[in-house]
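# Coordinate inspection notes
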Amino acid sequence: MSFDTVIRGGRWFDGTGAPSAIRNIGIRDGHVAAISAEPLDESGCGRVIDAAGKWVLPGLLDIHTHYDVEILVAPALSESVRHGVTTVLVGSCSLSTIHVDGPDAGDLFGRVEAIPRQYVVDTIDAHKTWSSCEDYIASLEKLPLGPNVTALIGHSDMRAATMGLDRATRSGERPTAAEQARMEQMLDEALQAGFVGMSSQQLLFDKMDGEVCRSRTLPSTYAKPRELRRLKAKLRRSGRILQAGPDLKNPLDVMSQLAQALGIFRRPLKTTLLAAADVKSNRLAVPTIIKTSRMLNKLGADFRWQHLPVPFEVYADGIDLVIFEEFGSGAEALHLRETVERDELMRDASYRRRFRKDYESKFGPRVWHRDFFDAEIVGCPDASVVGKSFGQVGIERGGVHPVDAFLDLVLEHGTALRWRTTISNDRPEVLKTLAAEPGIQMGFSDAGAHLRNMAFYNMGLRLLRHVRDAQQSGQEFISVEQAVHRLTGELADWYRVDAGHLRIGDRADVVVIDPAHLDDALEAYAEESFEPYGGMSRMVNRNDQAVAAVFISGQAVVLEGQPTSILGTQRTGSFLRADTRTPAPSVPAAQASASHTTAAT
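Residues numbered from 1 in each chain as written. Predicted model: local features only at pLDDT ≥ 70, side-chain atom pairs only at ≥ 80, totals over all residues. Heavy atoms only, no water.

## Overview of helix H8 (residues 177-193)
Applicable threshold: Put simply, DSSP H or I for four residues or longer makes a helix, DSSP E for two residues or longer makes a strand, and each gets a number counted from the N terminus. Given a helix with a known number of residues, its expected span is that number minus one, times 1.5 Å. Burial here depends on accessible area, computed with a 1.4 Å probe over protein chains only, as a share of the maximum for the residue type. Under 20% is buried, over 50% is exposed, and the range in between is partly exposed.
Compared with the 24 Å implied by 1.5 Å per residue over 17 residues, the 24 Å span of H8 between its first and last C-alpha is a close match. Within H8, burial applies to Glu 179, Gln 180, Met 183, Glu 184, Met 186, Leu 187, Ala 190, Leu 191 and Ala 193. The positive-phi residue at the C-terminal boundary of H8 is Gly 194, with phi of around 105 degrees.

Right, dumping it as structure tokens:
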């Protein structure tokens, strides 16, 4: 029998960490049909990819996204796919769209994930046809999905839909017995439908949008121990996953999360926590993170920290950046939606004193290093400040405090003032340590969120570059095979979904990478307008020469770095249910016929 596609002569990685080898791969009916050291019969083959000098590996997994809204209006998810991602996980950080309506989804996603609230509301109102997890899966698979999708059910989603968003975000309120039972039923339905688990959130600087509940923390942060215990018990019994973000300012909450992962006289709770990072504000975090995961897993837990394996560089327009939510004066400014009100606040002398006090405080855990000398202005109508830090600007303006220099520039230029800083993961040697640590998994891209603030769609490629460069310099910290495993098979196996491997019989989700172009282009800044959100310009990655081809279910969705006509017009991805083999979507007859008459080399 002929093949639909042959990938000829590339270095093949199977996703298990086994040694790579030069192989020829034959794809038929959406699956890998042959892997051979000998040439394959290419007669009648619709497409032959010459992969000499290139790497052929399973499609990458992104296990922390907020594509829950974008997938409904742009199901190609092309920004991830064009960088080799063929499976995405939605429903992170307690947020999903299974049960809430448009306005509640807007309040939950808008401010926390920096997706303009009205686009969230409009998208959910226009596209939501489901009322259960099974309906949700069916609705997704009616869309021309680009990548495969798997999901967590969000605790805040369930709580808001059950109690009402207002009651769900009041500290004195508890779910009634009937409401508790309903949340448990929702979780049962999600697990039965094949969701990989539940996400919850206890982090207190994630704030809601909207009017009624504005600046309250997410609904899951109001849950008391009994509510959480009952939900987690269902995850324990099913062996499914809890993804959580502990309250870093509350050591008891962190210790509780860790103890529950271990179990202690009961089944361990399979847990992944946010996040393993080499934060500038606390250089002791990494040793603590590593020791914690090693200890828990040695004692019988199945525990992982999530980690972004690249420098965590963020951009901001004016004061619009989530890091300001972690202290009182920053959250006070972001609470105000109207520019006039914000400007009035930022002119107030007493407010500036509070901001300076928060900025200079050395107590308590924090994400942002709070150093305006470590914050570069990259765009401003006043060209004289571009390329300088706010601290430098303050010095040049006569010794003005960095906070006042920042607030003055925000008042002068508003969102036309664009700046950047690196919050964490700035030390390459520490990144090597984290990348090699078994208790840490590669993820936390936040793809689909913070559209003006960051772009980590190509984080997998950047890790591969780091590994290859270290190997070439004689300072290998993990092999390329191990790195591929960490980005593919390791994640698929842990989340128990049908992805991440490239062996005979596996679904043909394949990425062909040109290692010669794993270069500085991976770190370049780029923006592109996103029409479904009113044409807003969002940060993206552009390194097209690095990705020679991407196949999902055997269909070519990216060639020479560019999306093909199939991506976003024909369903290539599927919903991947936990513990379930997933067949490739059937190819329309017209497409199957065309594929045998068009060759790409």
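## Things to note about the sheet that holds strand E15 (residues 418-424)
Test applied: When DSSP finds two or more bridges between a pair of strands, those strands are recorded as paired. Angular values range over 0 to 180 degrees, each being the angle between N-to-C directions of two axes fitted as lines to C-alpha atoms, with helices fitted over their stretch in contact.
With antiparallel pairing, three strands are arranged side by side in an open sheet as E13-E15-E14. Lying at the two open borders of the sheet, with one neighbouring strand each, are strand E13 (312-317) and strand E14 (376-379). Strand-to-strand twist of the sheet, defined as the mean angle between neighbouring strand axes without regard to direction, takes the value 35 degrees. As paired elements, E13 and E15 share six bridges and run antiparallel to each other. Paired with Asp 317 across the strands is Arg 418, a residue of E15.

## Points about the state of the cysteines
Two cysteines form a disulfide when their sulfur atoms are joined by a covalent bond. Filter applied, for reference: Sulfur atoms of two cysteines make up a disulfide when they are within 2.5 Å.
All told, the structure shown has zero disulfides when counted by the stated rule. Free of any disulfide, Cys 133 has its nearest cysteine sulfur in Cys 93, 18 Å distant.

## Some words on the sheet that holds strand E11 (residues 271-276)
Reading across the sheet, the eight strands line up as E6-E7-E8-E9-E10-E11-E12-E16 and stay open at both edges, with parallel pairing between neighbours. Both outer strands of the open sheet, strand E6 (60-62) and strand E16 (440-442), are each paired with one neighbouring strand and no more. Here the strands of the sheet are splayed against their neighbours by 30 degrees on average, with no regard to which way each runs. Note that strand E8 (residues 148-154) and strand E9 (residues 197-199) share three bridges and pair parallel. Within E9, the position partnered with Ile 153 by the bridge is Met 198.

## A look at the pairing of strand E2 (residues 21-28)
It is a general feature of regular strands that their side chains alternate between the two faces of the sheet. The pairing of strand E1 (residues 5-12) with E2 spans six bridges and is classified as antiparallel. Within E2, the position partnered with Trp 12 by the bridge is Ala 21.

## Brief notes about the nonpolar core
The condition that has to hold: Among buried residues, those of type Ala, Val, Leu, Ile, Met, Phe, Trp, Tyr and Cys that are joined through side-chain atoms within 4.5 Å constitute a nonpolar core. Whether two residues are in contact is decided by their heavy atoms: any pair within 4.5 Å suffices.
In this structure, Leu 140, Ile 153 and Phe 195 are the most contacted members of the largest nonpolar core, which totals 108 residues. The dominant element in this core, judged by the number of residues it contributes, is H8, at six residues. Setting aside residues up to four positions removed in sequence, Phe 195 forms contacts with Ile 98, Cys 133, Tyr 136, Ile 137, Ala 151, Leu 152, Ile 153, Ala 190, Arg 240, Phe 575 and Ala 578. Core analysis: the second largest hydrophobic core is formed by 40 residues, Phe 324, Tyr 359, Val 410 and Met 454 among them.

## Let's talk about the domain arrangement of the chain
One frequently used descriptor of interface size is the decrease in accessible area upon assembly of the parts. Note the following rule: Boundaries of every domain are those given by an automatic assignment or by a domain database. The term buried area denotes the loss of accessible surface (1.4 Å probe radius) that occurs when two parts are joined, taken as the sum for both partners. Each salt bridge in this description consists of a side-chain nitrogen of Lys or Arg and a carboxyl oxygen of Asp or Glu lying within 4 Å of one another. Under the rule applied, a polar contact is a pair of N or O atoms within 3.5 Å (in protein, one hydrogen donor and one hydrogen acceptor; residues adjacent in sequence only if both atoms are side-chain atoms). For this classification, the nonpolar set comprises Ala, Val, Leu, Ile, Met, Phe, Trp, Tyr, Cys and Pro, the charged set comprises Asp, Glu, Lys and Arg, and every other residue, Gly included, is treated as polar.
Taken domain by domain, the chain consists of domain 1 (60-311 + 425-451 + 476-499) and domain 2 (318-419). The C-alpha-based centres of domain 1 and domain 2 are spaced at 30 Å. Taken together, the contact between domain 1 and domain 2 spans 15 residues of the former and 14 residues of the latter. Summing the contributions of domain 1 and of domain 2, the shared interface buries around 1,400 Å²; its carbon and sulfur component is 51%. Looking only at domain 1, the three residues that lose the most surface to domain 2 are Phe 205, Arg 214 and Ser 281, adding up to 40% of its buried area. The interface formed by domain 1 and domain 2 includes three salt bridges. Where Glu 211 meets Arg 337, a salt bridge forms, and the shortest distance between an N and an O atom there is 2.9 Å. Viewed at the interface, domain 2 and domain 1 are joined by seven residue pairs in polar contact (both at pLDDT 80 or more). Tallied by class, residues from the side of domain 1 that touches domain 2 come to three nonpolar, four polar and eight charged.

## Points about the side chain of Thr 564
Along the chain, the position of Thr 564 falls in the loop between strand E22 (562-563) and helix H21 (589-595). On the accessibility criterion, Thr 564 (18% relative accessible area) is buried. The contacts of Thr 564, once residues within four sequence positions are left out, are Ala 556, Val 557, Val 558 and Leu 559.

## Points about the pattern of salt bridges
Charged atoms that come close allow side chains of opposite charge to pair. Taken as a whole, this structure holds 51 salt bridges when the rule is applied. In this structure, the salt-bridge partner of Glu 179 is Arg 167, at a minimum N-O distance of 2.7 Å. Separated by twelve residues along the polypeptide, Glu 179 in helix H8 and Arg 167 in helix H7 (residues 165-168) bring together distant segments of the chain. Given the relative accessible area of 24%, Arg 167 is considered partly exposed.

## With respect to the layout of surface pockets
Using a probe with the size of a water molecule, rolled over the atoms, empty space left in the structure can be pinpointed. Selection criterion: Of the grid points, spaced at 1 Å and generated over the protein atoms alone, those admitting a 1.4 Å probe that cannot get out make up cavities, while open sets with protein on both sides within 12 Å along at least five of seven lines make up pockets; any residue with an atom within 4 Å of a point is treated as lining. Grid points are joined across faces, edges and corners, and a volume is the space filled by probe spheres set on the points.
Considered as a void within the structure, the second largest pocket measures approximately 790 Å³ in volume. Residue lining of the second largest pocket: 28 residues in total, with Gly 110, Ala 114, Asp 320, Leu 334 and Arg 342 positioned closest to the centre. Secondary structure elements with two or more residues in the lining of the second largest pocket: E13 and helix H13 (339-347). The element contributing the most residues to the lining of the second largest pocket is H13, with four residues. Tallied by class, residues from the lining of the second largest pocket come to eleven nonpolar, six polar and eleven charged. Here the lining of the second largest pocket spans two domains, since at least three of its residues come from each of domain 1 (60-311 + 425-451 + 476-499) and domain 2 (318-419).

## Quick word on the side chain of Arg 370
With respect to the helices and strands, the residue Arg 370 is situated in the loop between helix H14 (349-360) and E14. Given the relative accessible area of 10%, Arg 370 is considered buried. A distance of 2.9 Å separates a polar side-chain atom of Arg 370 from the backbone oxygen of Asp 358. Ignoring sequence-local partners within four residues, the contact set of Arg 370 consists of Glu 326, Phe 327, Asp 358 and Tyr 359.

## Examining the packing of helix H12 (residues 328-335) against H14
Counted only if it meets this: The scheme is simple: roughly parallel for angles under 35 degrees, roughly antiparallel for over 145, roughly perpendicular for 65 to 115, oblique for anything else.
At their nearest, the axes of H12 and H14 sit 8 Å apart, and the two run at 130 degrees to each other. Put simply, H12 runs oblique to H14. Residues Gly 328, Ser 329, Gly 330, Glu 332 and Ala 333 of H12 form the contact with H14, whose participating residues are Tyr 351, Arg 354, Phe 355 and Asp 358. Residue composition of the contact of H12 with H14, grouped by class: three nonpolar, three polar and three charged.

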